[in-house]
Amino acid sequence: QVQLVESGGGLVQAGGSLRLSCTASGLRFDGYAMGWFRQTPGKEREGVLCISRSGATTWYGVSVKDRFTIYRDNAKNTLYLQMNSLRPEDTAMYYCAARSSGTWNTCSRPSESNYWGQGTQVTVSS
C-alpha cells in the first residue's frame, strides 16, 4: 500500500525555521514527482513547491519569497521542505503529494496529485 508519512511540523516563533520530511513507501519513489501543499481550515489546498522525479526540476506554487526549498533524497525515499524565516501566514497543515507520471504540469492544482499524506501541522506564532 502506498503510504506517505510527514513529520517535522510543530510550533515555531516568527522568523524561525523548520524542516519537514515526507517518507514514502509502497511505491517506486524515484519514479514519482513529489510536492508540498498546504491548507488552512476554510481555504483551498494550495501548492507550495513541487519537484520532479530526479530532483532536477522545481515548480513553484505560492510565493515563498526564497524562504523555502524543496529537495529529495531518493536513496532514502524521503522528500524535504526546508522552511526559513517563517511567518504567521505560513501557519497551515502541510501535505506531502506524490504524482505517478514523474513530472508536474503545475504546482497549483491538488488534483494532479495521486497520493497524499496525512499532513503535519505548522504553526507560526507572532
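Our subject is the structure that appears above.
Residues numbered from 1 in each chain as written. Predicted model: local features only at pLDDT ≥ 70, side-chain atom pairs only at ≥ 80, totals over all residues. Heavy atoms only, no water.

*Asks:* Sorry, what's going on with the sheet that holds strand β3 (residues 18–25) here?
*Replies:* Within a sheet, each strand pairs with its neighbour through backbone hydrogen bonds, oriented either parallel or antiparallel. Taken together, the four strands give an open sheet; going across it, the order is β1-β3-β8-β7, and neighbouring strands pair in antiparallel fashion. Among the strands making up the open sheet, the edge pair consists of β1 (3–7) and β7 (68–73). Neighbour-to-neighbour, the strand axes of this sheet turn through a mean angle of 15°, independent of strand direction. Of the strand pairs in this sheet, β3 and strand β8 (residues 78–83) are connected by six bridges, and their pairing is antiparallel. Directly across from L20, in β8, lies its bridge partner L81. (Pairing = 2+ DSSP bridges. Helix = DSSP H or I, 4+ residues; strand = E, 2+ residues; numbered from the N terminus. Axes fitted to C-alpha atoms, helices over the stretch in contact; angles between N-to-C directions.)

*Asks:* What's the story with the pattern of salt bridges in this structure? I'm lost.
*Replies:* Side-chain pairing between opposite charges can occur once the charged atoms of the two side chains come close. Under the defined criterion, the tally for this structure stands at six salt bridges. The salt bridge involving D90 is made with R67; its shortest N-O contact spans 2.8 Å. Here D90, found in the loop between β8 and β9 (92–99), pairs with R67, found in the loop between β6 (58–60) and β7; they are 23 residues apart in sequence, far enough to count as distant. Under the relative-accessibility criterion, R67 is labelled buried at 8%. Taking the shortest distance from any N to any O, the salt bridge between E112 and R109 comes out at 2.5 Å. You can call E112 buried: its relative accessible area is 6%. (Salt bridge = Lys/Arg side-chain N within 4 Å of Asp/Glu carboxyl O. Buried < 20%, exposed > 50% of the residue type's maximum accessible area, 1.4 Å probe, protein only.)

*Asks:* What should I look at first to understand unusual backbone geometry in this one?
*Replies:* Negative phi values dominate among residues other than glycine, just as trans dominates among peptide bonds. Despite not being glycine, N77 has its phi angle at roughly 55°, a positive value. Within the secondary structure, N77 sits in the loop between β7 and β8. Among the residues examined, N77 registers a relative accessible area of 26% and is labelled partly exposed. Its identity as a non-glycine residue notwithstanding, S85 has a phi of 50°, on the positive side. With respect to the helices and strands, S85 occurs in the loop between β8 and β9. On the basis of relative accessibility, which here comes to 40%, the residue S85 falls in the partly exposed class.

*Asks:* I would appreciate a short explanation of the nonpolar core in the present structure.
*Replies:* If you look at soluble globular proteins, the nonpolar side chains tend to sit buried side by side. Residues M34, W36, F68, L79, L81, M83 and Y94 are the most contacted members of the largest nonpolar core, which totals 28 residues. Taken together, the elements giving at least two residues each to this core come down to β3, β4 (33–39), β5 (46–51), β7, β8, β9 and β11 (120–125). With residues up to four places along the chain from it excluded, the contact list for L81 reads L18, R19, L20, W36, L49, F68, T69, I70 and Y94. With seven residues, the next largest nonpolar core counts F37, C50, A97 and C107 among its residues. (Core = buried A, V, L, I, M, F, W, Y, C linked by side-chain atoms within 4.5 Å. Contact = heavy atoms within 4.5 Å.)

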